[in-house]
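# Coordinates in review
Residues per chain are reported as follows:
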Amino acid sequence: MFYYLSAVIFVVGTIIGSFLNVVALRINTGKGLMGRSFCMSCGKTIKSYDLFPILSFLSLGGKSRCCKTKISWQYPLVEFITGLIFLSVFLKFYSLAYVPVLVPTFWYLAFCILIVITIYDVRHQIIPDFLSYTFAFLSVLYFVGDKSLTSIFSYPEILNFLAGPIIFAVFSLVWFVSKGRWIGFGDGKLALGMGFALGFSEALSAIAFAFWIGAIWSIFILLFQKLGIAKSKFNFKSAVPFAPFMIAGFLLAFILSADVFSLNMLIFGPAPF
Ligand SMILES: [Zn+2]
């Protein structure tokens with residue numbers, strides 16, 4: 001039953017992923033989200049049997065059936081990653097005795113928004129405001145959830161509530177001082193929702209992960225360039241979209257319930273064992 005459910009969740013994730021691809025490509029283009037999928041090259045409607053996530057791409061050899069145009073790797077990659085993310089949300093809550101259904105629902109929804117943000121940021125180097133704000137708004141609802149108002153504004157919950165605004169403030173400062181060269185203002189707005197969703201120690205862990213993953217990524221790219229494998233003109237001065245790294249850090253902190261700075265001990269005191 002467990003493996004069956006896991007497989008179903010993964011497949012559902014890949015199907016949602018193929019929808020998120022379409023959403024990210026149609027944002028700010030004036031095209032609706034509903035119409036049938038069509039070939040980006042010749043405009044022909046894509047047959048329904050060619051719309052299977054990942055499998056269609058593989059069986060078609062990465063080329064469209066209508067005009068043999070190369071299909072971007074983005075499609076199967078996003079489908080696969082969405083499948084994996086859905087699976088990790090499922091696994092995160094599967095073993096818990098009782099989880100209100102709205103909790104995993106929030107995480108599935110949050111990651112859908114974040115995946116669209118990632119695709120959009122990679123393509124356009126900008127994050128649409130309404131996506132960050134929707135994410136932040138949902139995260140506040142999630143944070144407030146079952147808490148009473150008095151508990152939110154008492155220690156230590158207040159610290160968890162302030163995580164997003166604090167990171168946002170620091171990012172804004174860095175953005176202002178560096179005149180937008182080190183970090184985008186959009187990354188700060190994204191951090192807002194991440195803070196509300198994760199709380200203080202996990203949110204700071206997510207940011208730490210983001211910088212580490214970004215650093216490792218940069219080193220690999222530079223190495224590949226030295227070896228002549230990568231052709232892009234990347235160097236340490238290039239503006240690299242940071243949102244994908246933040247979202248990867250967010251995912252990692254969420255999966256691991258990470259506390260890389262051991263802040264929980266400071267905030268909440270020793271664990272009650
Ligand atoms: Zn075509």
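Attention here is on the structure that accompanies the text. (Residues numbered from 1 in each chain as written. Predicted model: local features only at pLDDT ≥ 70, side-chain atom pairs only at ≥ 80, totals over all residues. Heavy atoms only, no water.)

Another point: unusual backbone geometry. At N28, a residue that is not glycine, the phi angle is positive and equals roughly 60 degrees. Since its relative accessible area comes to 60%, N28 is described here as exposed. With a phi close to 60 degrees, I54 is a non-glycine residue in the positive phi region. Here I54 shows up in the loop between helix 1 (2-26) and helix 2 (55-59). (Buried < 20%, exposed > 50% of the residue type's maximum accessible area, 1.4 Å probe, protein only. Helix = DSSP H or I, 4+ residues; strand = E, 2+ residues; numbered from the N terminus.)

Along the chain, S64 turns up in the loop between helix 2 and helix 3 (74-94). Here the side chain of S64 touches C67 through a polar contact of 3.5 Å, landing on its backbone nitrogen. Residues in contact with S64, not counting those within four places in the same chain, are C39, T69 and I71. (Polar contact = N/O pair within 3.5 Å; in protein donor to acceptor, adjacent residues only side chain to side chain. Contact = heavy atoms within 4.5 Å.)

We now examine the environment of L159. Within the secondary structure, L159 is located in helix 7 (residues 157-177). Separated by 41 residues in the primary sequence, L159 and F200 place their C-alpha atoms 6.3 Å from one another. When neighbours within four sequence positions are excluded, L159 is seen to be in contact with F200 and I267.

Here the zinc ion is held by the protein donor atoms C39 (SG), C42 (SG), C66 (SG) and C67 (SG), which lie 2.3 Å from it. Donor residues for the zinc ion, ordered by position in the chain, follow C-x2-C-x23-C-C. With C39 in the loop between helix 1 and helix 2 and C67 in the loop between helix 2 and helix 3, this residue pair connects regions lying 28 residues apart in the sequence. On the accessibility criterion, C39 (7% relative accessible area) is buried. (Donors = N, O, S within 2.8 Å, 3.2 Å for Na, K, Ca; no water.)

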